[in-house]
Amino acid sequence: MSDRGVVLHLKGRVLVGPDDVRDELWVIDGRISYDRPVGARDVRTVEGWALPGLVDAHCHVGLGAHGPVDDDIAEKQALTDREAGTLLIRDAGSPSDTRWVDDREDLPKIIRAGRHIARTRRYIRGYAHEIEPEDLVAYVAQEARRGDGWVKLVGDWIDRDLGDLAPTWPRDAVEAGIAEAHRLGARVTAHCFAESSLRDLVESGIDCIEHATGLTEDLIPLFAERGVAIVPTLVNIATFPKLADGGESRYPRWSAHMRRLHERRYDTVRAAYDAGIPVFVGTDAGGTLPHGLVAAEVAELVTAGIPAVEALAATTWSARTWLGRPGLEEGAAADLVVYESDPRADVRVLAAPRRVVLNGHVVG
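Visitor: What exactly am I supposed to notice about the overall build of the protein here?
Guide: Along the backbone of the protein there are 12 helices and 20 strands. A globule of 364 residues ought to have a C-alpha radius of gyration of about 21 Å, and the protein, at 21 Å, matches this closely. Along the first, second and third principal axes, the C-alpha atoms of the protein reach 70 × 40 × 35 Å. Relative to its 364 residues, the protein shows a buried fraction of 56%. Considering only residue pairs separated by 6 or more positions, the protein has 66% of its internal contacts joining residues 24 or more positions apart. Counting every atom, the protein has about 14800 Å² of accessible surface; 47% of that belongs to carbon and sulfur. Distance from the positive charge centre (43 side chains) to the negative charge centre (58 side chains) of the protein: 2 Å.

Visitor: What's the story with helix α10 (residues 294–303) in this structure? I'm lost.
Guide: Note on helix geometry: an α-helix contains 3.6 residues per turn, so any two residues three or four positions apart are oriented the same way. What α10 keeps buried is the set Val294, Ala295, Glu297, Val298, Glu300 and Leu301. Of the surrounding elements, those touching the buried residues of α10 are β5 (54–59), β8 (86–91), α6 (234–237), α9 (265–274) and α11 (308–313).

Visitor: What is the right way to read the state of the cysteines from this model?
Guide: Two cysteines joined by a covalent bond between their sulfur atoms form a disulfide. Counted according to the given criterion, the structure contains zero disulfides. Just so you know, Cys59 is unpaired, no disulfide at all, and the nearest cysteine sulfur is the one on Cys208, 15 Å from it. Relative accessible area serves as the criterion here: at 0%, Cys59 is assigned to the buried category. For Cys208, which is in no disulfide, the shortest distance to another cysteine sulfur is to Cys192 and amounts to 9.7 Å.

Visitor: Sorry if this is basic, but what is going on with the nonpolar core here?
Guide: Most often, soluble globular proteins keep nonpolar side chains buried together rather than apart. Leu153, Ile206, Ile209, Phe223 and Leu301 are the most contacted members of the largest nonpolar core, which totals 59 residues. Not counting chain neighbours up to four residues away, the residues in contact with Ile206 comprise Ile178, Val188, Thr189, Ala190, Leu201 and Val228. In this structure, Tyr123, Phe240, Met258 and Leu261 belong to the second largest nonpolar core, which totals 18 residues.

Visitor: Can you help me understand the sheet that holds strand β1 (residues 7–15) in this one?
Guide: Hydrogen bonds between backbone groups are what pair the strands of a sheet, and the pairing can be parallel or antiparallel. In spatial order, the strands read β3-β2-β1-β4-β18-β19-β20; together these seven strands make up an open sheet with mixed pairing. The open sheet has two free edges, formed respectively by β3 (31–33) and β20 (361–362), since each of these has just one partner strand. Note that strand β2 (residues 21–28) and β3 share three bridges and pair antiparallel. Across the sheet, residue Val27 finds its bridge partner in β3, namely Ile32.

Visitor: When you look at unusual backbone geometry in this model, what are you seeing that I'm missing?
Guide: One non-glycine residue, Arg121, lies in the positive phi region at around 60 degrees. Mapped onto the fold, Arg121 is located in the loop between β10 (117–119) and β11 (129–131). On the basis of relative accessible area, Arg121 is assigned to the exposed category, the value being 59%. Of note in this structure, Thr233 is not a glycine but carries a positive phi near 50 degrees. Here Thr233 is to be found in the loop between β17 (229–231) and α6.

Visitor: Help me understand the packing of helix α2 (residues 136–146) against helix α3 (residues 171–183), please; the structure alone is not making it clear to me.
Guide: For the pair α2 and α3, the least separation of the axes is 9 Å and the interaxial angle reads 30 degrees. In terms of orientation, α2 lies roughly parallel with respect to α3. Relative to α3, the crossing made by α2 is right-handed. Residues Leu136, Val137, Val140, Ala141 and Arg145 of α2 touch α3, and the partners they reach there are Ala173, Val174, Ala176, Gly177, Glu180, Ala181 and Arg183. Class assignment of the residues belonging to the contact of α2 with α3 gives a composition of eight nonpolar, one polar and three charged.

Visitor: Whenever I open this one, the packing of aromatic side chains confuses me. Can you help?
Guide: Within the structure shown, the criterion is met by six aromatic pairs. A ring pair is formed by Phe193 and Phe240, whose centres lie 4.8 Å apart and whose planes are at 70 degrees; its orientation type is edge-to-face. Within this pair, whereas Phe193 is found in the loop between β15 (187–192) and α4 (198–203), its partner Phe240 is found in helix α7 (residues 240–247), the two being separated by 47 residues in sequence. When sorted by exposure, Phe193 lands in the same class as Phe240, which is buried. Every member of this aromatic cluster is reached through a ring pair, and the members are Tyr123, Tyr127, Trp157, Phe193 and Phe240. One residue, Arg90, lies across the ring of Trp150, its end atom 4.6 Å from the ring centre.

Visitor: What should I look at first to understand the pattern of salt bridges in this one?
Guide: Charged atoms that come close allow side chains of opposite charge to pair. Tallied over the entire structure, the rule returns 28 salt bridges. A salt bridge links Glu180 to Arg183, with the shortest nitrogen-to-oxygen separation between them at 2.9 Å. With Glu180 and Arg183 both in helix α3 and three residues apart, this pair spans about one turn of that helix. Overall, the relative accessible area of 58% leaves Arg183 in the exposed class. For Glu203, the salt bridge is made with Arg199, and the minimal N-O distance between the two is 3.3 Å.

Visitor: I'm lost on the side chain of Lys152 in this one. Help?
Guide: With respect to the helices and strands, the residue Lys152 is situated in strand β12 (residues 150–154). No salt bridge is formed by the buried Lys152, whose closest oppositely charged neighbour, Glu210, lies at an N-O distance of 5.8 Å. A distance of 2.9 Å separates a polar atom in the side chain of Lys152 from the backbone oxygen of Ala92. Residue contacts for Lys152: discarding those within four places in its chain leaves His58, His60, Ala92, Ala113, Arg115, His116, Ile117, Thr189, Ala190, His191 and Glu210.

What counts and what doesn't
- Residues numbered from 1 in each chain as written.
- Predicted model: local features only at pLDDT ≥ 70, side-chain atom pairs only at ≥ 80, totals over all residues.
- Heavy atoms only, no water.
- Helix = DSSP H or I, 4+ residues; strand = E, 2+ residues; numbered from the N terminus.
- Rg over C-alpha atoms; globule rule 2.2 N^0.38 Å.
- Buried < 20%, exposed > 50% of the residue type's maximum accessible area, 1.4 Å probe, protein only.
- Contact = heavy atoms within 4.5 Å.
- Areas by Shrake-Rupley, 256 points an atom, 1.4 Å probe, with all protein chains shown as cover.
- Lys, Arg positive; Asp, Glu negative; His and termini not counted.
- Charge placed at Lys NZ, Arg CZ, Asp CG, Glu CD.
- Disulfide = S-S within 2.5 Å.
- Core = buried A, V, L, I, M, F, W, Y, C linked by side-chain atoms within 4.5 Å.
- Pairing = 2+ DSSP bridges.
- Axes fitted to C-alpha atoms, helices over the stretch in contact; angles between N-to-C directions.
- Parallel < 35°, antiparallel > 145°, perpendicular 65-115°, else oblique.
- Left-handed = near helix turned anticlockwise from the far one by under 90°.
- Nonpolar A, V, L, I, M, F, W, Y, C, P; charged D, E, K, R; others polar.
- Phe/Tyr/Trp six-rings, centres within 6.5 Å; stacked < 30°, edge-to-face > 60°.
- Lys NZ or Arg CZ within 6 Å of the ring centre and 35° of its normal.
- Salt bridge = Lys/Arg side-chain N within 4 Å of Asp/Glu carboxyl O.
- Polar contact = N/O pair within 3.5 Å; in protein donor to acceptor, adjacent residues only side chain to side chain.

Function cannot be read off these values alone, since they describe shape.
So this is what it looks like as structure tokens:
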């Protein structure tokens, strides 16, 4: 790249952690150092407030409204996320093969969960493997091997006969599937809107729940006890009223349920946080939602009542620890975002990155 060989000197405030603030760092051969290099000739200085590259823990690169998209579209999705400061993505299910992204130093790093695994005719067409319970273990094993340490289940969806949300898997299938993923060293997450799918999944050992709009007072202690994380995707939940309006005539029960889930969304997230349930930032970008919404999702967590520093941690320090990826540690790849002012004081700053540095290169 054009800045190869340049030593980058970041001056200002480096937020290594919420309370670990340093005055400067150096980027040498794409790696972070807190020691001033000796004899560096070509030094570029950037000033501002630096954070580890932001994390979108629920994002879909390579997924469009009707299923997989061409690589050029997937590239635009990834670049849009990068420009927003998202440099680490947990791709929570995609039918596209995006391994080619790993060879691009200018694109965000992706942790893949393989392709969604759903029940037959119980999810968005073109997105998932659609199977029956007797095949769940085999498909979990397949996607555990294809992914990067995660598997994504569809835990509930509309049951057309019932006219409302309902669990997609029987308890014994869920238990066997999660056990197989864990045997292969993968964690499991599940799409869940409804209340009724959650207990079986958590008691079966699931690691994370996406959306978690159905989290209720009686279930919160179970999540907290088991350490099950949630990724609320509030920018996606904001679409529930429109979805409900569209399904009103055919599925009035489902529509009313979706509106109730939407109405209590902030209370649900705040109650989870207050109980000690790990909460992480995810936008659900891809499909029908645009990419680049990470700042909006952090702001939504603050609106829900999560303290600003904790909402910031949910897309930086805590999120990277949860996913097993480094932040601004000595020797780590230099993936960071620079802002004009302190994002701990006002998370809205995240919407306007001053500089984006990926693998040691200034890319935005």
